[in-house]
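Spelled out, the chains give:
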Amino acid sequence: MSRRRHLRLWITLVLLASLVAGGIWVAVQLTHTISAEGPELCTADVSGQKFQLTPEQSVYASLISAVGVSRELPPRASSIAIATAIQESNLRNLSYGDAAGPDSRGLFQQRPSQGWGTEAQIMDPYYSTATFYKALVKVPNYQSIPLTEAAQTVQRSAFPEAYADHESEGRAFASSLTGQSPASFSCSLAPASGAGDPQSVRKELAKAFPHLGLEGSGREVRVDVSGSTGWAVAHWAVAHAKTYGIDRVDYNTQTWLRENRDGWRTTHSLGQQVVITLASGPGA
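Residues numbered from 1 in each chain as written. Predicted model: local features only at pLDDT ≥ 70, side-chain atom pairs only at ≥ 80, totals over all residues. Heavy atoms only, no water.

**Structural notes on unusual backbone geometry**
1) Next: Phi is positive for Ser 47, close to 55°, though the residue is something other than glycine.
2) Next: Examined against the element boundaries, Ser 47 turns out to sit in the loop between strand 3 (41–46) and strand 4 (49–53).
3) Next: Classification of Ser 47 by relative accessible area gives exposed; the value is 74%. (Helix = DSSP H or I, 4+ residues; strand = E, 2+ residues; numbered from the N terminus. Buried < 20%, exposed > 50% of the residue type's maximum accessible area, 1.4 Å probe, protein only.)

Right under this line is the structure:
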């Protein structure tokens, strides 16, 4: 065999091996993310527009909105914050930075070297979100100026125009998760793999909405709340359903069920309470 043919054969074998490895990687990813009925996704459906996130991303989007609601900030603040976090980290709590900011960390890729706090503080998503909002509210006219201008004033990014790419998405998720658009946020999830933990839900709710009263027993957590804040809590619970094994959320006259992939449906009136029901476990 000539040297050239030998080299060509070697390159072909390498490419085939790469394709096989790539196919195996894709199959593994699909196994983890796709159920028999389709992928696990969360959707904000607002004013005829639909945007989707993974359940893991939705946890952070709902956390960002909850901090905004608890601080009594306008929904515009959450729109800016969510769009910024999508651009900076794809709504992930990253423990690394990039070439432009090697010490960047967290949801907003904040840098200890720029005075945002210690690395440990920035990796706490509640801390990083609160510090983002503290900086944002100091921006003159942040509610009325372009989103990219408000975000860039806070972030001082090397790519300031990129925030505008996520403005519609940020607005839709903020409108849902701050409770301005009732029954507009839903997740399609596989059945819970085990029993939910009501105590963990209460603990996380108390961090997200520290001024609300929590009740309930057994598999239920009840939150005394009304109006748009009630929808913020209800949507928060749906966003955390995969994490905490939540099977059902009731508020006002609407119910979200884990096994129902068509979103919220009208059921019965509950008054001024959000009722969160956790899974009892397989076969229970």
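Further notes follow.
**Looking at the sheet that holds strand 7 (residues 220–224)**
1) Next: The antiparallel open sheet is built from 6 strands, whose spatial order is 6-7-11-8-9-10. Bordering the open sheet on either side are strand 6 (213–215) and strand 10 (265–266), each of which pairs with just one other strand.
2) Next: Sheet topology places strand 8 (residues 246–251) next to strand 9 (residues 254–257); 4 bridges connect them, and they run antiparallel. The partner of Tyr 251 across the bridge, within strand 9, is Gln 254. (Pairing = 2+ DSSP bridges.)

**Some words on helix 6 (residues 147–155)**
Along an α-helix, a turn takes 3.6 residues, which lines up residues three or four apart on a common side.
1) Next: Listed in full, the buried residues belonging to helix 6 are Leu 147, Thr 148, Ala 150, Ala 151, Val 154 and Gln 155. The buried residues of helix 6 occupy one face: seen down the axis, they fall within an arc of 165°.
2) Next: Of the residues trailing helix 6, Arg 156 is marked for its positive phi of about 55°. (Arc of directions from axis to C-beta.)

**Regarding the side chain of Ser 65**
1) Next: Of note, Ser 65 is situated in helix 2 (residues 55–70).
2) Next: With residues up to four places along the chain from it excluded, the contact list for Ser 65 reads Ser 78, Ile 82, Tyr 133, Phe 173, Ala 174, Leu 177 and Thr 178. (Contact = heavy atoms within 4.5 Å.)

**Here we look at the packing of helix 3 (residues 75–89) against helix 6**
1) Next: The contact between helix 3 and helix 6 brings their axes to 10 Å, and the two run at 70°. In terms of axis orientation, helix 3 runs roughly perpendicular to helix 6. Crossing hand, helix 3 versus helix 6: right-handed. Contacts between helix 3 and helix 6 involve Arg 76, Ser 79, Ile 80, Ala 83, Thr 84 and Glu 88 from the first element and Leu 147, Ala 150, Ala 151 and Gln 155 from the second. (Axes fitted to C-alpha atoms, helices over the stretch in contact; angles between N-to-C directions. Parallel < 35°, antiparallel > 145°, perpendicular 65-115°, else oblique. Left-handed = near helix turned anticlockwise from the far one by under 90°.)

**Overview of the environment of Ser 58**
1) Next: Within the secondary structure, Ser 58 is located in helix 2.
2) Next: Those residues in contact with Ser 58, other than ones at most four positions away along the chain, are Cys 42, Leu 53, Phe 185 and Ala 239.

**Looking at the packing of aromatic side chains**
1) Next: Following the criterion strictly, the structure yields 5 aromatic pairs and no others.
2) Next: An angle of 75° between the planes, with centres 5.1 Å apart, marks the rings of Trp 231 and Trp 264 as edge-to-face. With Trp 231 in helix 9 (residues 227–239) and Trp 264 in the loop between strand 9 and strand 10, this pair connects stretches of sequence that are 33 residues apart.
3) Next: We classify Trp 231 as buried; its relative accessible area is 5%.
4) Next: Judged by its relative accessible area of 11%, Trp 264 is buried.
5) Next: Among the aromatic residues, those joined into a cluster by ring pairs are Phe 108, Phe 132 and Tyr 133. (Phe/Tyr/Trp six-rings, centres within 6.5 Å; stacked < 30°, edge-to-face > 60°.)

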